[in-house]
Structures are given as C-alpha cells and as structure tokens.
Amino acid sequence: MSSAEPLVVAEGLVKHFPVRRGLLSRVSGQVQAVDGVDLRISAGDTLGVVGESGCGKSTLGRLLLRLLDPTAGRIRFEGRDITTLEGSELRTQRRVMQLIFQDPYASLNPRMTVGQTLVEPLKLHGLHAGRERERVAELLHTVGLAPEHAQRYPHEFSGGQRQRIGIARALAVEPRLIVCDEAVSALDVSVQAQVVNLLQDLQRRFGLAYVFIAHDLAVVKHIATRVAVMYLGRIVEIADKEALFASPRHPYTRALLAAIPQPRPGARGDRAVLGGDVPSPANPPSGCRFHTRCPYVQQRCREQDPALVPDEHGHATACHFWPTIAATAAKPQPAGMPPARVRLERLQAAFLTRPPTDQT
Ligand code: SF4
C-alpha cells in the first residue's frame, strides 16, 4: 500500500437482493439495499454512517467486510482488490476486518466461557499458539476486564461488560478495520459513553479504522472524524464531521440534525421535520430518491438523479439545489424535547467524565 492509499476504498458498490414470491419462489424484483456507494477510509479514521432504518447502512458495513458479496463495484483493502477473494484467501483477509454487533448477548455463545470465546479466533487464525491464556488475559485487561472473567459465562455480565467482551473478541485477531454496527445502541446512555471512550482509546493505541454505523447522531458527532449520510441505499452527503454538523447541505441531513434533541428548551430554527415513511428500496422514486419527502422538491428533482458532487474540501452533496437551500433556509436547530434533553445532557456529562472502566 502506498502511503497515499487509504486503508479501504470502495468504488461503485452495489448490493441488490432478489425479492421472491409465490410457491415457486420466482424472483419478482430487486431490493436495492446499496446502490452505487463510493468511500475511502484511512487508518486511524472513524467514518460515521447515519440514516433511518432500512437505508442500507448495515448492508454497506457487511459489504466492506466481505460478509456479503457485492452485486457490482470494487473494494480495495490496503491497495489490494478483495472484491472476489474466496476460500482461504478470504478467511485470511477477514482476520484484519472485524465486526462488533449491536446486541452483545446475542453475539456471544451462552455455552462458552469468555476465555473459550476469545481463544476460538486465535486458534482459527493460528495466532499466539501455546500462549493463548496469556493473550486472553491481555485482551481482557485491554478492554477493562479482569483475567478471572475468562472463567465466567456471558449471562454473568452486564450489557456493557458483554460489549467489552465483544470488543475483545474483535481485537483478538489484531484487525485494522472494525465495523461497529449500532455497537452502543442497546446500552444505557452512561454505559454507551464508556464503551465509546474505550473504542477511542483502542483506536489511538492500535491505529484502528472504524466504520461506526448508528442512528444516534449525538454519539456519531462524538466519535466520528467523517460522516456519511445514507438514504435509500445511496450516500446523499459526506463530509468531515465539523463541516457536516456546522453546515449541513442536503435537506435530508438538515432534517436529521433538526431532529437531534438539544438542551435549550424552546430553541427555534429550521424544523425540517421529515414527513412520511422511507419509500420501498424495491421500488425507489424516480430522479432524486428523496423527492417524495423533500420540502424543497421541484420538477427537476422528479426527473433527474442528482450526482454526489464534492467541493474542494471533500464535502460532497447529492442535491440539485443545495446552494440555494443553504443560502435561504435557517440553520437547522434541534427541537427541544424534555425527556430526550435530559438524555442528551446525561450523555454529554458521561463523555466528559470517565468512570473506571470495570464498572460496566
Ligand atoms: Fe430535495 Fe430536489 Fe435536492 Fe432531492 S434534489 S434533496 S428533492 S431539492
């Protein structure tokens, strides 16, 4: 890999799933889960991927890890094309690309002790042969657990501790890229902050790259270095975190940011609250896929699909009219909602204080 080559490069990534109907399971259509995604992720970076349920963000994460075969497009990892790897070559490649799941309990085998869970990937990849026990103790220490935890079963741990075990399992094989798929969504908000802080510490220590898939923009704002906003299988906006949160351009991004609860009751602004549901990815709208929900829609939007066009700073937007919208619409201000406000304050407070890591 040349020094200028990002860790991961995805070009024109497409994943369509066939829709089968009837007794004979005939293919009657295609769900366009991911439809032409280009991405670059550098070592040490965190790409936040946000969007509503069904927008394709989890499918994208699994495509990058080669857990799903792309319908079209290419993926390069450290300069090597991994799109069509199979068999032992693919297994070897997967060692450096790991996944952390949303539900740590469901992703751990209840019949295996934590020690057995952590030894399994070491044996699979022939790592640390003869000193697996030491490596397990090392991994548990790294994620803030004690060596004696290796003897326990998953049900003996709290949700936060189980997610730490999931992180230790991902780290066991010394990955370069970790996809965190809603990795903190199932956790209590104070535990979320501790796990996010742990992920950041590990990133600094091991130079990891993360793809952080989440629907909670407050968490993404904290952890990401770059953010991609997905809608119906496409990236509609991608930019460095600061630029995206300070100057969102796409109407969908503006609506998502406007929906973040914030601690100023009565704050006013561009309440670009989204109406309606996400259209079916099996039958996406013509032209701009967002046109059925966009408050700024014009005839051109129904006919022409806007390209994702970057500016000189790498802030890319897929909207025909974003300069006009950005110039005329008020800056999005999150709506104040007392229960969510309390939640956000707790989250912010938790990020500012770092309690001992073995409390989760
Ligand atoms: Fe809205 Fe048109 Fe822009 Fe699509 S292209 S986001 S419909 S203004």
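Residues numbered from 1 in each chain as written. Predicted model: local features only at pLDDT ≥ 70, side-chain atom pairs only at ≥ 80, totals over all residues. Heavy atoms only, no water.

1. A word on the sheet that holds strand β11 (residues 309-310)
Note: strands within a sheet are paired through backbone hydrogen bonds, in either parallel or antiparallel orientation.
Phase 1 of the analysis: Spatial ordering of the open sheet is given by β6-β7-β8-β3-β9-β10-β12-β11, a layout of eight strands whose pairing is mixed. Looking at which strands have only one partner, the edges of the open sheet turn out to be β6 (97-100) and β11.
Phase 2 of the analysis: In this structure, strand β3 (residues 46-50) lies alongside strand β9 (residues 226-231), joined through four bridges in parallel fashion. Along β9, the bridge assignment pairs Val49 with Ala228. (Pairing = 2+ DSSP bridges. Helix = DSSP H or I, 4+ residues; strand = E, 2+ residues; numbered from the N terminus.)

2. What about the packing of aromatic side chains?
Phase 1 of the analysis: Under the definition given, this model contains three aromatic pairs.
Phase 2 of the analysis: Grouped by ring-pair contacts, the aromatic residues Tyr231, Tyr252 and Phe290 constitute a single cluster.
Phase 3 of the analysis: One residue, Arg300, lies across the ring of Phe321, its end atom 5.7 Å from the ring centre. (Phe/Tyr/Trp six-rings, centres within 6.5 Å; stacked < 30°, edge-to-face > 60°. Lys NZ or Arg CZ within 6 Å of the ring centre and 35° of its normal.)

3. Re the site of the ligand
Phase 1 of the analysis: In the neighbourhood of the ligand, the contacting residues comprise His250, Pro251, Cys288, Phe290, His291, Cys294, Tyr296, Cys301, Cys319, His320, Phe321 and Ile325.
Phase 2 of the analysis: Across the shell around the ligand, the residue classes tally to nine nonpolar, three polar and no charged. (Near = heavy atom within 4 Å. Nonpolar A, V, L, I, M, F, W, Y, C, P; charged D, E, K, R; others polar.)

4. Focus: helix α4 (residues 132-142)
Phase 1 of the analysis: Along α4, the positions that sit buried rather than exposed are Glu132, Arg135, Val136, Leu139, Leu140 and Thr142. Buried positions in α4, seen along its axis, are confined to an arc of 155° and lie on one side of it. Structural note: α4 exposes Arg133 and His141 on the side pointing more than 90 degrees away from its buried face.
Phase 2 of the analysis: For α4, the secondary structure elements touched by its buried residues are α3 (114-124), α5 (159-171) and α6 (189-206). (Buried < 20%, exposed > 50% of the residue type's maximum accessible area, 1.4 Å probe, protein only. Arc of directions from axis to C-beta. Contact = heavy atoms within 4.5 Å.)

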